[in-house]
Number of protein chains: 2
Amino acid sequence: MRTFLEVSSSGSFQASAEKLHVTQSTVSARIKALEEQLNQALIIRKRNGCELTTAGRLFHKHAVAAVQAWERARQEIALPDDMTGVFSFGIQMNHWDYIAPKWLDIMWKTEPSIATRVISDYSDPLMVQLRDGHIDMAILYRPIHQPNIHIEQLLDDKLILVSTEPRTLEMGRVDGYVFVDWGDEFRAQHNLAFPKAYIPKISFGAATIALNHILKNGGSGYFIEGFIKHFLEDETLFLVGNSPTFHRPTYLGYPTTAIDSRLHKAAIRALRKIIN
Amino acid sequence: MRTFLEVSSSGSFQASAEKLHVTQSTVSARIKALEEQLNQALIIRKRNGCELTTAGRLFHKHAVAAVQAWERARQEIALPDDMTGVFSFGIQMNHWDYIAPKWLDIMWKTEPSIATRVISDYSDPLMVQLRDGHIDMAILYRPIHQPNIHIEQLLDDKLILVSTEPRTLEMGRVDGYVFVDWGDEFRAQHNLAFPKAYIPKISFGAATIALNHILKNGGSGYFIEGFIKHFLEDETLFLVGNSPTFHRPTYLGYPTTAIDSRLHKAAIRALRKIIN
DNA sequence: ATGGATGTATCGCTATTTTCGATAGGCGTT
DNA sequence: AACGCCTATCGAAAATAGCGATACATCCAT
């Protein structure tokens with residue numbers, strides 16, 4: 001089918017042969033074999049090149065579909081030669097920058113022959129992928145308990161309000177406040193703590209972008225304590241006095257069947273090392 | 001990929017081997033080859049059968065896509081052994097019953113080694129398929145002139161109002177009138193000829209269904225004269241006196257490149273034979 | 001423990017298929 | 001008529017797929 005597509009786009013057996021690094025007779029034989037399997041002429045051979053028959057044009061889209069399916073499969077799951085396996089780790093959006101780089105680093109060192117895929121998404125789609133066995137492990141905010149999926153609390157993130165300038169909550173509202181969307185629960189708590197009328201000008205779905213924004217333009221917002229610890233230490237950011245602190249527990253999920261796989265153990269160990 | 005799918009659904013190499021009518025060692029080799037191409041384990045062999053790895057589960061949907069693409073292609077274009085080609089003929093919905101059976105009959109006799117596909121659709125989609133070279137010829141109500149597509153008038157259908165009972169238009173409206181939708185132009189003419197307020201209770205997109213309806217339940221409607229000629233002759237249907245007659249030209253379209261193909265000539269000859 | 005049942009991996013051999021290289025043949029151009 | 005540009009075909013070589021037998025691992029019942 002790949003050869004057919006090549007011929008149909010180049011309009012020549014010879015050109016296709018070169019592109020595919022085979023001889024022209026091979027191309028001829030391949031097309032012939034395809035036509036025999038379908039018992040149907042696909043290509044009209046002409047004096048100067050060739051063109052598709054009606055059947056060939058109909059066949060074209062299916063050939064594309066089949067070739068693409070294979071290419072996508074390769075893309076998605078094929079491994080480099082020196083790797084013996086993959087570990088797929090789903091991370092709730094806002095934890096990506098906070099956890100993934102360090103985790104990758106440790107995995108790379110402790111399991112050099114294992115390729116790692118980090119999938120960044122929201123809790124719900126990650127849960128689905130976990131259930132369907134498309135990822136091996138996931139960090140989630142909103143786990144759904146399901147048979148065969150083991151859920152455990154990983155940590156209890158503290159969300160604190162920080163600002164690029166030292167101030168307290170009493171000093172009144174500032175222009176630079178950005179709302180970082182840490183999910184349903186946070187939104188609810190946030191609404192309780194702050195007057196409803198207060199709708200921030202800027203809101204971010206991704207914490208890293210929000211952080212970059214206030215670092216560049218000044219402002220304030222809620223971030224995970226551990227994530228911005230060093231900004232507080234070097235006084236790039238300041239804790240806003242008397243501001244409420246929110247908690248959000250974070251969970252780790254993986255298939256129960258994987259509990260005693262060596263790889264899972266290594267992956268979890270790497271995670272715990274980062275957290276502590 | 002087919003073998004992979006079989007294994008993933010049966011959960012056993014042996015069972016798959018039987019279903020696919022090969023030996024177990026073949027199944028083993030096939031899966032091994034697939035895994036080697038992707039450089040990735042897809043199936044965990046266990047004491048009692050086997051199950052998919054994470055990569056295997058990811059691969060599954062692509063395997064389905066690829067296999068389906070091939071199956072669909074076969075479905076759509078593969079030919080029985082004794083056929084040497086296909087002729088695809090698109091017919092505007094409402095001409096199906098009127099023309100297709102007779103045309104198929106003639107083609108079957110004059111070109112016994114050519115399989116025929118009759119595609120029934122509305123003018124616009126047929127025009128698209130004609131342009132894309134997915135059909136070889138089409139009967140259209142509303143042709144769009146395009147380069148490389150030859151359009152010629154095939155006939156000039158006369159739409160007449162017939163009823164299951166002898167009557168004239170002056171006898172007033174009857175309950176049994178069904179509106180047969182012969183397309184935009186007919187709708188416009190129909191609206192002009194009949195008061196706008198008159199909205200029929202029943203309308204049909206397909207003439208045959210409409211015809212069957214009035215033959216069974218009584219009533220009246222517009223039909224192609226040639227199509228119902230014999231009903232008038234045997235007095236099953238009667239021409240409604242003083243009713244307006246509408247005309248709708250019908251066109252034949254085919255790629256200009258096909259003008260002197262033997263098959264096209266035969267197909268057109270068959271058509272003309274039916275019309276006269 | 002032991003033997004049997006069940007399940008997959010592997011090996012050697014054969015048949016089939018694929019590919020190549022060379023050659024033949026069709027068609028249009030010069 | 002010769003040449004260039006196509007594709008088809010043929011025989012030989014190489015690669016691959018499939019089979020059958022056997023090996024090997026594990027579970028289960030005795």
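Every chain's residues receive numbers from 1 upward, in the order its sequence appears when written. A letter from A marks each chain and a number from 1 marks each ligand, given out in the order of writing. Reporting of local features is limited, given that this is a predicted model, to residues whose pLDDT is at least 70; pairs of side-chain atoms are given and counted only at 80 or more, and all residues count toward the totals for whole chains, interfaces and linings. Calculation of side-chain values draws on the structure's entire complement of heavy atoms; hydrogens and water are dropped beforehand.

### Looking at the relation of the copies chain B and chain A
- For this overlay, a least-squares fit was computed on C-alpha atoms, restricted to residues scoring pLDDT of at least 70 in both copies. When chain B is fitted to chain A, the residual RMSD is 0.1 Å, and the transformation amounts to a turn of 180° plus an axial shift of 0.1 Å. Each copy turns onto its partner about a two-fold axis. The C-alpha atom lying nearest the rotation axis in chain B is that of A66(B); the distance is 2.1 Å.
- Same-surface contact between copies: 100% of interface residues of chain B are shared with the interface of chain A. Two residues qualify as a contact provided that any one of their heavy atoms is within 4.5 Å of a heavy atom in the partner residue.

### Some remarks on the interface of chain B and chain A
- With 36 residues of chain B at the interface, the matching set in chain A holds 36 residues.
- When chain B packs against chain A, close to 3000 Å² is buried across both sides, 60% of that on carbon and sulfur atoms.
- Any Lys or Arg side-chain nitrogen found within 4 Å of a carboxyl oxygen on Asp or Glu counts as a salt bridge. Scanning the region where chain B abuts chain A turns up two salt bridges.
- When the shortest N-O distance is used, the salt bridge between K61(A) and E76(B) registers 3.4 Å.
- Two N or O atoms count as a polar contact when they lie within 3.5 Å, although within protein this holds only if one can serve as hydrogen donor and the other as acceptor, and sequence-adjacent residues are included solely when both atoms are side-chain atoms. The interface formed by chain B and chain A contains twelve residue pairs in polar contact (both at pLDDT 80 or more).
- Note on conventions: DSSP H or I runs of at least 4 residues are helices, E runs of at least 2 residues are strands, and numbering of each starts at the N terminus. Elements that contribute at least two residues to the side of chain B that touches chain A include exactly α3 (24-38), α4 (54-77) and β3 (85-92) of chain B.
- The greatest single-element share of the side of chain B that touches chain A, amounting to 16 residues, is contributed by α4(B). Note on definitions: buried area is the accessible-area loss of two parts on being combined, 1.4 Å probe, summed for both.

### Quick notes on the domain arrangement of chain A
- Domain delimitation in this document rests on an assignment produced automatically or drawn from a domain database. The domain boundaries assigned to chain A delineate domain 1 (2-77) and domain 2 (86-276).
- Computed over C-alpha atoms only, the centres of domain 1 of chain A and domain 2 of chain A are separated by 49 Å.

### What to know about the protein's contact with DNA strand D
- By convention in this text, a residue qualifies as near a molecule or strand provided that one of its non-hydrogen atoms is within 4 Å of it. Taken together, 17 residues are adjacent to DNA strand D, and F13(A), Q14(A), R45(A), T26(B) and R47(B) come closest.
- Measuring from a phosphate oxygen of DNA strand D, one finds a backbone N or O atom of T23(B) at 2.9 Å.
- Within the side chain of T26(B), one N or O atom sits 2.7 Å away from a phosphate oxygen of DNA strand D.
- Elements with a minimum of two residues in the surface near DNA strand D: α2 (13-20), α3 (24-38) and β2 (49-52) of chain A together with α3 of chain B.
- With four residues, α3(A) is the single largest residue contributor to the surface near DNA strand D.
- Across the surface near DNA strand D, the residue classes tally to three nonpolar, nine polar and five charged. Three classes are used: nonpolar for Ala, Val, Leu, Ile, Met, Phe, Trp, Tyr, Cys and Pro, charged for Asp, Glu, Lys and Arg, and polar for all others, with Gly counted as polar.

### Describing the pairing of strand β6 (residues 149-163) of chain A
All names here are of chain A.
- Exposure classes here rest on a 1.4 Å probe applied to the protein chains alone. A residue is buried below 20% of its type maximum, exposed above 50%, and partly exposed in between. Counting buried residues along β6, eleven of its 15 residues qualify, which places the element largely inside the surrounding structure.
- Pairing between strands requires that DSSP locate at least two bridges from one strand to the other. Judged from the ten bridges that link them, β6 and strand β11 (residues 246-255) form a sheet pairing that is antiparallel. Paired with L159 across the bridge in β11 is F246.
- In terms of strand pairing, β6 meets strand β9 (residues 220-224) through five bridges, oriented antiparallel. Across the sheet, L159 pairs through a bridge with I224, a residue of β9.
- Pairing between β6 and strand β10 (residues 238-239): two bridges, direction antiparallel. Pairing of V162 across the sheet is with L239, part of β10.

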